[in-house]
Amino acid sequence: RLRVCVCVFVFIALTGTRATCSAGSLRGARVLVTGASTGIGEQLAYCYARLGAQVVITARRENVLQQVSVLALGAQKALYVTGDMATTSDPSRVVKFAVDELGGLDYLVLNHIGRYSFSPWSGDVHHVRGLMEVNFLSYVQLASAALPSLEKSKGSIVVVSSLLGKVSTPFTAPYTATKFAVNGFFCTLQHELAMRSSDVSLTISILGLVDTESAMEKVRVVPYPAGEAALHVVRAGSLRQKESFYPWYTHLVCLVRDWCPFFRDVIIRNSYY
Ligand code: NDP
């Protein structure tokens, strides 16, 4: 019986992560990607560009954004705007720039994160507050500034989230808190959009460990490639999926996480020694 259960869940996890992408559906689409100077955001910019979208990318470092926009070959348009998501005025300014330059918006891809360390909780409340501002509150501001344009275009919000917003592990308390907040807020918004029959779709992509520079500074386990993760996020958004999981094991973990909390926590804690 256990074997049957495991097979069923592996099947659900695998089919839940698989999606096919119609490049045609993204040709000419007007896309704003945040945190696009490095890592998954940079790969997202290249994916949308390859699929013929019009892309605005944003982050803080202008010189890096400039390089990414030059490399975003294939894009009908590739523009950048600098913005610091720790400040309260920048999220709406960035959305306004994208809407003005692109003549509207079809996709808002929320991806950026502030820096955090992989270490035990030190009691630094100031850091948590700052990270909440960047990783969570700016997502809320960006979404609310973009919603009127997305309603007009029947567009999509795509939220890049983490398995750490579903399951807690040691040494990432501030980051984990922000990702739980992101999942909680945007899952609630999904209900509300559905209840008022909005045409805006909202996709939450749950990612496991991916080989970006910032993640590899923190842990030394086998990661999955950022390019593949980005393609997964682009596909999930274009298919208007409610929730998507990459790689496959993240779905399995979410399905079984509350089955045996005692053993789950023993496994999690022992994997750090
Ligand atoms: P990176 O650290 O590689 O990139 C973060 C991006 O955010 C950079 O472009 C950075 O650019 C930008 N950024 C940082 N601070 C600010 C700020 N204050 N204002 C505006 N932009 C800012 O992150 P990853 O690519 O690793 O992660 C991307 C997403 O994927 C995140 O949402 C993360 O939670 C999720 N994820 C990643 C995993 C992984 O293993 N990598 C696993 C699970 C989820 P700049 O410094 O120029 O501002």
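Residues take numbers from 1 onward in each chain, read along the sequence in its written order. Reporting in this predicted model follows two pLDDT cut-offs: at least 70 for local features of residues, and 80 or more for side-chain atom pairs to be given and counted; totals over whole chains, interfaces and linings ignore these cut-offs and use all residues. The side-chain numbers reported here are obtained from all heavy atoms of the structure, hydrogens and water having been left aside.

**What about the side chain of Thr176?**
Numbering of helices and strands starts at the N terminus; helices are DSSP runs of H or I of at least 4 residues and strands are runs of E of at least 2. By the element assignment, Thr176 lies in helix H6 (residues 173-195). Whether two residues touch is decided by their heavy atoms; if any such pair falls within 4.5 Å, the residues are in contact. With residues up to four places along the chain from it excluded, the contact list for Thr176 reads Leu164 and Ser168.

**Concerning the pattern of salt bridges**
Note on pairing: side chains with opposite charge can pair once their charged atoms come close. By definition, a salt bridge exists where a carboxyl oxygen of Asp or Glu is found within 4 Å of a side-chain nitrogen of Lys or Arg. Tallied over the entire structure, the rule returns 10 salt bridges. Between Asp258 and Arg264 there is a salt bridge; the shortest N-O distance is 3.2 Å. Burial classes: relative accessible area under 20% of the type maximum marks a residue as buried, over 50% as exposed, and values in between as partly exposed (1.4 Å probe, protein chains only). Here Asp258 falls in the exposed class, since its relative accessible area comes to 52%. We classify Arg264 as partly exposed; its relative accessible area is 25%.

**A closer look at the site of the ligand**
Throughout, near means a residue has at least one heavy atom within 4 Å of the molecule or strand. Near the ligand you find 31 residues, and of these Ser37, Arg61, Tyr175, Val210 and Thr212 are the closest. A distance of 2.8 Å separates an oxygen atom of the ligand from a polar side-chain atom of Arg60. In protein, a polar contact requires one atom able to donate a hydrogen and another able to accept it; more generally it is a pair of N or O atoms within 3.5 Å, and residues adjacent in sequence count only if both atoms are side-chain atoms. With respect to the ligand, the side chain of Lys179 contributes an N or O atom lying 2.9 Å from an oxygen atom. Summarising the interface, the protein chains cover 93% of the accessible area of the ligand, which totals 890 Å² for the free molecule. Using a 1.4 Å probe, accessible areas were evaluated by the Shrake-Rupley method; residue-level cover was limited to the displayed protein chains.

**A short note on the environment of Thr212**
Its location among the elements puts Thr212 in the loop between strand S6 (201-207) and helix H7 (213-216). Judged by its relative accessible area of 10%, Thr212 falls in the buried class. Those residues in contact with Thr212 that lie beyond four places of it in its chain are Gly39, Ile40 and Ala226.

**Focus: the packing of helix H4 (residues 90-102) against helix H5 (residues 125-153)**
Only the stretch in contact is used when a helix axis is fitted, and all axes are lines through C-alpha atoms; the angle between N-to-C directions ranges over 0 to 180 degrees. Two elements in contact, H4 and H5, have axes whose closest approach is 8 Å; the angle formed by their N-to-C orientations is 30°. H4 and H5 meet at a crossing whose hand is right-handed. Residues Pro91, Ser92, Val95 and Val99 of H4 form the contact with H5, whose participating residues are Ser138, Gln141, Leu142, Ala145, Ala146 and Ser149. Taken together, the residues of the contact of H4 with H5 break down into 6 nonpolar, 4 polar and no charged. Handedness of each helix crossing follows the sense of rotation of the near helix against the far helix: counterclockwise by less than a right angle gives left-handed, clockwise gives right-handed. Residues are sorted three ways: Asp, Glu, Lys and Arg are charged, Ala, Val, Leu, Ile, Met, Phe, Trp, Tyr, Cys and Pro are nonpolar, and all the rest, Gly among them, are polar.

**Things to note about the nonpolar core**
Leu105, Leu108, Ile157, Val159 and Phe186 are the most contacted members of the largest nonpolar core, which totals 36 residues. Looking at this core element by element, the count peaks at 8 residues for H5. The residues contacting Leu108, other than those within four sequence positions of it, are Leu32, Leu142, Ala143, Ala146, Leu150, Ser156, Ile157 and Val158. The nonpolar core is taken to be a set of buried Ala, Val, Leu, Ile, Met, Phe, Trp, Tyr and Cys residues, with the residues joined through side-chain atoms within 4.5 Å.

That's the geometry; what it means functionally is another story.
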